[in-house]
Amino acid sequence: MCFILALRGLSSPASSQRGNRFGIIGMTIAVVTTLVTHVPFVQHALVADIGPTIVVRAIDWTTVVEILAAIGVGAAIGLVTARRIAMTAMPQLVAAFHSLVGLAAVLVGVAAYLNPQAFGISDLVIPLIGQPFAVIHPVSRIELGLGVAIGAITFSGSVIAFLKLNGNMGGKPIMLPGRHVINLALLAGILGLIAYFVTDQAPWIFWTVVILSFVIGFLLIVPIGGADMPVVVSMLNSYSGWAAAAMGFTLHNSAMIITGALVGSSGAILSYIMCRAMNRSFISVIAGGFGAVADTSGGAVASDRPWKRGSAEDAAFLMSQAEQVIIVPGYGMAVAQAQHVLREMGDKLKAEGVRVKYAIHPVAGRMPGHMNVLLAEANVPYDDVFELEDINSEFAQTDVAFVIGANDVTNPAAKTDKTSPIYGMPVLDVEKAKTVLFIKRSMGGVGYAGVDNELFYRDNTMMLLADAKKMVEDIVKALD
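The structure displayed is predicted, hence computed values, not measured ones.

**Student:** Even after reading the chapter, I still don't get the sheet that holds strand β9 (residues 435-440), so can you show me in this structure?
**Tutor:** Within a beta sheet, neighbouring strands are joined by backbone hydrogen bonds and run either parallel or antiparallel to one another. Taking strand neighbours across the sheet as the criterion, the six strands line up as β7-β6-β5-β8-β9-β10 in an open arrangement whose pairing is parallel. Taken across any chain shown, the strands that pair with only one partner, and hence form the sheet edges, are β7 (385-387) and β10 (461-465). Strand-to-strand, the axes of this sheet are offset by a mean angle of 25°, without reference to chain direction. Of the strands in this sheet, β5 (324-329), β8 (400-404), β9 and β10 touch helix α11 (residues 312-320), which is tilted by about 145° from β9. Helix α13 (residues 339-351) rests against β5, β6 (355-360) and β8 of the sheet, and its axis sits at about 145° to β6.

**Student:** I would appreciate a short explanation of α11 in the present structure.
**Tutor:** Residues that lie three or four places apart on an α-helix share one face, since the helix turns once every 3.6 residues. All of the buried residues along α11 are Ala 312, Ala 315, Ala 316 and Met 319. The arc that holds the buried residues of α11, viewed along the axis, is 100°, so those residues lie on one side. Projecting away from the buried face of α11 at angles above 90 degrees are the exposed residues Glu 313 and Phe 317. Where α11 is buried, its residues meet β5, α13, β8, β9, β10 and α17 (468-479).

**Student:** How should the packing of α11 against α17 be read in this particular structure?
**Tutor:** The geometry of a pair of packed helices is captured by two quantities: the angle between their axes and the separation between those axes. One can describe the packing of α11 onto α17 by two numbers: an axis separation of 8 Å at closest approach and a directional angle of 60°. Considering their axes alone, α11 and α17 lie oblique with respect to each other. For the pair α11 and α17, the crossing hand works out as right-handed. Together, Ala 312, Glu 313, Ala 315, Ala 316, Met 319 and Ser 320 of α11 and Met 471, Asp 474, Ile 475, Ala 478 and Leu 479 of α17 make up the contact between the two elements.

**Student:** Could you clarify how one ought to interpret the packing of helix α4 (residues 90-114) against helix α5 (residues 138-165) in this entry?
**Tutor:** α5 packs onto α4 with a crossing angle of 155° between their chain directions and a minimal axis gap of 7 Å. Overall, the two elements α4 and α5 adopt an arrangement that is roughly antiparallel. In this structure, α4 crosses over α5, and the sense of that crossing is left-handed.

**Student:** What's the story with the packing of aromatic side chains in this structure? I'm lost.
**Tutor:** Here the distance between the centres and the angle between the planes together describe a pair of aromatic rings. One pass over the full model with this rule turns up eight aromatic pairs. Where Phe 206 meets Trp 207, the ring centres are 5.2 Å apart and the plane angle is 80°; that geometry is what we call edge-to-face. A relative accessible area of 2% means that Phe 206 is categorised as buried. Between the aromatic rings of Phe 438 and Phe 456, the centroid separation amounts to 4.9 Å while the plane-to-plane angle is 85°, which identifies the pairing as edge-to-face. Of this pair, Phe 438 sits in strand β9 while Phe 456 sits in the loop between β9 and β10, and the two are 18 residues apart along the sequence.

**Student:** How should I be thinking about the nonpolar core in this particular structure?
**Tutor:** In a soluble, globular protein the nonpolar side chains are often hidden away together inside. Counting residues in each nonpolar core, the largest one holds 72 residues, and the members touching the most others are Ile 221, Val 232, Val 328, Phe 395, Met 425, Leu 428 and Val 430. If near-sequence neighbours (up to four positions away) are discounted, Val 328 is found in contact with Ala 359, Phe 395, Phe 402, Val 403, Ile 404, Ala 406, Thr 410, Leu 428 and Val 430. Counting residues in each nonpolar core, the second largest holds 40 residues, with Ala 315, Ala 336, Leu 349 and Ile 475 among its members.

**Student:** When you look at the pattern of salt bridges in this model, what are you seeing that I'm missing?
**Tutor:** Side chains carrying opposite charge are able to pair once their charged atoms draw close together. Counting across every chain of the model gives ten salt bridges. In this structure, Lys 350 and Asp 384 form a salt bridge, with 2.3 Å as the shortest nitrogen-oxygen distance. In this pair, Lys 350 sits in helix α13 while Asp 384 sits in the loop between α14 (370-377) and β7, placing the two residues 34 residues apart along the sequence. Residue classification places Lys 350 among the partly exposed residues on the basis of a relative accessible area of 33%. Note that Glu 394 is salt-bridged to Lys 357, the shortest N-O span being 2.8 Å. You can see Glu 394 sitting in the loop between α15 (388-391) and β8 and its partner Lys 357 sitting in strand β6, a full 37 residues away along the chain. We classify Lys 357 as buried; its relative accessible area is 17%. A single salt-bridge network, built from bridges that share partners, covers Lys 415, Asp 429, Glu 431 and Lys 432.

**Student:** What's the story with the pairing of β6 in this structure? I'm lost.
**Tutor:** With five of six residues buried, β6 lies mostly within the body of the structure. Inspection of the sheet shows β6 paired to β7 by three bridges, in the parallel sense. Counterpart to Tyr 358 in the pairing with β7 is Val 385. For the crossover that starts at β6, traverses α14 and ends in the parallel β7, the hand is right-handed.

What counts and how
- Residues numbered from 1 in each chain as written.
- Predicted model: local features only at pLDDT ≥ 70, side-chain atom pairs only at ≥ 80, totals over all residues.
- Heavy atoms only, no water.
- Pairing = 2+ DSSP bridges.
- Helix = DSSP H or I, 4+ residues; strand = E, 2+ residues; numbered from the N terminus.
- Axes fitted to C-alpha atoms, helices over the stretch in contact; angles between N-to-C directions.
- Contact = heavy atoms within 4.5 Å.
- Buried < 20%, exposed > 50% of the residue type's maximum accessible area, 1.4 Å probe, protein only.
- Arc of directions from axis to C-beta.
- Parallel < 35°, antiparallel > 145°, perpendicular 65-115°, else oblique.
- Left-handed = near helix turned anticlockwise from the far one by under 90°.
- Phe/Tyr/Trp six-rings, centres within 6.5 Å; stacked < 30°, edge-to-face > 60°.
- Core = buried A, V, L, I, M, F, W, Y, C linked by side-chain atoms within 4.5 Å.
- Salt bridge = Lys/Arg side-chain N within 4 Å of Asp/Glu carboxyl O.
- Right-handed = clockwise from strand over helix to strand, strands pointing away.

Laid out in structure tokens, this is it:
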């Protein structure tokens, strides 16, 4: 119930802290209950000179200390990481945590395979000749195979997602020749081996499933471009849940089954929402290749096309004279850590009698909800923040659209240019505002999807070329 309430609370920034608390309480109950109900014991036989032998059970304090030490180390790592991690690094942190969940599922599966009797998933067979051996139940073999396969895919896929988000690998897709045939062959091989594993629990079958699953996880994420990373993060979140649920069946742990199913289903729903927001199908995301070729429509290089440049003073004057300003944050705001000064700018505009709203695209940033978290961190009122479908109709009646680092999600080419890789992707209609102020470091770069933004060259667009935080600070000074 606590985990369900946690998911419910996390559906809104206003209730997210309460949701986190429910999650903490639920996990604490789960861990404490497990420790209390599964206290390890050792047996000592006391042989008396007279009378029967007495068997005494005592708590195995060595094992208890090992378990508590492991919990302490994990808690310390989590606490230090949470305190030190920058908000801009949150997407790669989530990807790293997903990889740990997948690896944990693999390790539990390996432990269960090597010692099935300890997990209660086998029968001991004593042959007439030879050593006794454990025969794993056929149903448990299916659970084991699926659990380690999903876990391994989650681990290697999350590692690649982390490297792409962290900048260790380029955001562009890495297109391997014949990748679809290779992936389908590997997937068919994994499923075939799991089916064969039901009839034969030979070690080579189990370890081949593990190795092939690690490989296909790598191959699935490598061809996916940076523009699809929000979908990939939510997709890997779903995978990690299903891996935990599968291991729950193996361990006969109903709490793991329930919570794994909650995470898996919520991640799948979120992936579907992200795909709709990008006008992409789940299969096309897995196929990869989004943003593989930069858009060069019109045959002009960015620096060769006419555009207008403005200053902080220009921006301050235009916004102070406006009736309504809609602020559109993106990953550039996150990189510059400009959310606090942006909120200060919004407060000053409100003091001038200007209506200020914030427009959030579902895939702005590098993970679902990235912009919402940053604005909440800066204490931006929740009532001022609107999703795409709730605010898109207001741009036509807006005096100034203030775009800070949001590139692909504001590109009009998604609606007009059928040759563009992002054609059909729902975007914010910022070009309909009377004036568009666009903060960008330089005119040379393109968005994470690898396409140029047609908005830069519109007659009603004024480019503010500078570091996002520095530019907003200058605008605040000009407002003063």
